[in-house]
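Residue strings, one per chain:
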Amino acid sequence: MSSITITLKLSEIVYDIQNKAFLTGRSLHNGENHSHVANMQANDDEENSGQVLRSVTMAYSVLRNRLAEYLVGNDLSASNDMVDEKDDLTLMLSMPSNYNKNATRTIAEAAHAYIVSMAIADWFAITARGETADYTRAAADSLAIIEEALNKRVRPVRS
């Protein structure tokens, strides 16, 4: 067995959520839907950032559940505290000895994309009903990429 560590910077996740929400809103602007576009855009105000962090917390928990087979350690307790924006999200995975470590970055990038997509889908479910489908689909695609990367193996080599 070998261990890999995936570290996701929460500040990058939050920025990506805010940026994608902004760009999505801007792309939907038709000159008449100003309020709809403004409501889609997440900002750093307490009610916005609190909801975004709550959505990130849930997405991270679901991701940990999907990776449970590989996670190192046992969580013997849990709470409903949301992640703190100053923290990083860390996943330590125990992989088979023939795991292809070249796929580690793919897992990290897809995990980031999954959390961002799920958080945006959750955000849009509240602020822009009807705009969630693309992000829900993107999250599912990210999980498929993670699953594929987890199953990458190296060819045996003669000693």
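For the structure itself, consult the block above.
Below is a short write-up of the structure.

Turning our eyes to something else, we now look at the packing of helix H4 (residues 104-127) against helix H5 (residues 133-150). It is the contact of H4 with H5, at a shortest axis distance of 8 Å, that shows an interaxial angle of 160 degrees. By the angle between their directions, the pair H4 and H5 is classed as roughly antiparallel. Remark: the crossing between H4 and H5 carries left-handed chirality. Contacts from Thr106, Ile107, Ala110, Ala111, Ala113, Tyr114, Ser117, Met118, Ile120, Ala121 and Phe124 of H4 reach H5 at Tyr135, Thr136, Ala138, Ala139, Ser142, Leu143, Ile145, Ile146, Ala149 and Leu150. Among the residues forming the contact of H4 with H5, the class breakdown is 17 nonpolar, four polar and no charged.

A few words on the packing of helix H1 (residues 10-28) against helix H3 (residues 46-66). Contact geometry of H1 with H3 gives a least axis separation of 11 Å together with a crossing angle of 115 degrees. Note on packing geometry: the crossing formed by H1 with H3 is right-handed. Contacts between H1 and H3 involve Leu10, Ile13, Val14 and Ile17 on the former and, on the latter, Val52, Leu53 and Val56. Within the contact of H1 with H3, the residues separate by chemical class into seven nonpolar, no polar and no charged.

Scanning all chains against the criterion turns up six salt bridges. Among the ionic pairs, Glu109 bridges to Arg105, the shortest N-O distance being 3.5 Å. One end of the pair is Glu109 and the other is Arg105, both in helix H4 and four residues apart, which spans about a single turn. When its relative accessible area of 63% is taken as the criterion, Arg105 is described as exposed.

What counts as what
Residues numbered from 1 in each chain as written. Predicted model: local features only at pLDDT ≥ 70, side-chain atom pairs only at ≥ 80, totals over all residues. Heavy atoms only, no water. Axes fitted to C-alpha atoms, helices over the stretch in contact; angles between N-to-C directions. Helix = DSSP H or I, 4+ residues; strand = E, 2+ residues; numbered from the N terminus. Parallel < 35°, antiparallel > 145°, perpendicular 65-115°, else oblique. Left-handed = near helix turned anticlockwise from the far one by under 90°. Contact = heavy atoms within 4.5 Å. Nonpolar A, V, L, I, M, F, W, Y, C, P; charged D, E, K, R; others polar. Salt bridge = Lys/Arg side-chain N within 4 Å of Asp/Glu carboxyl O. Buried < 20%, exposed > 50% of the residue type's maximum accessible area, 1.4 Å probe, protein only.

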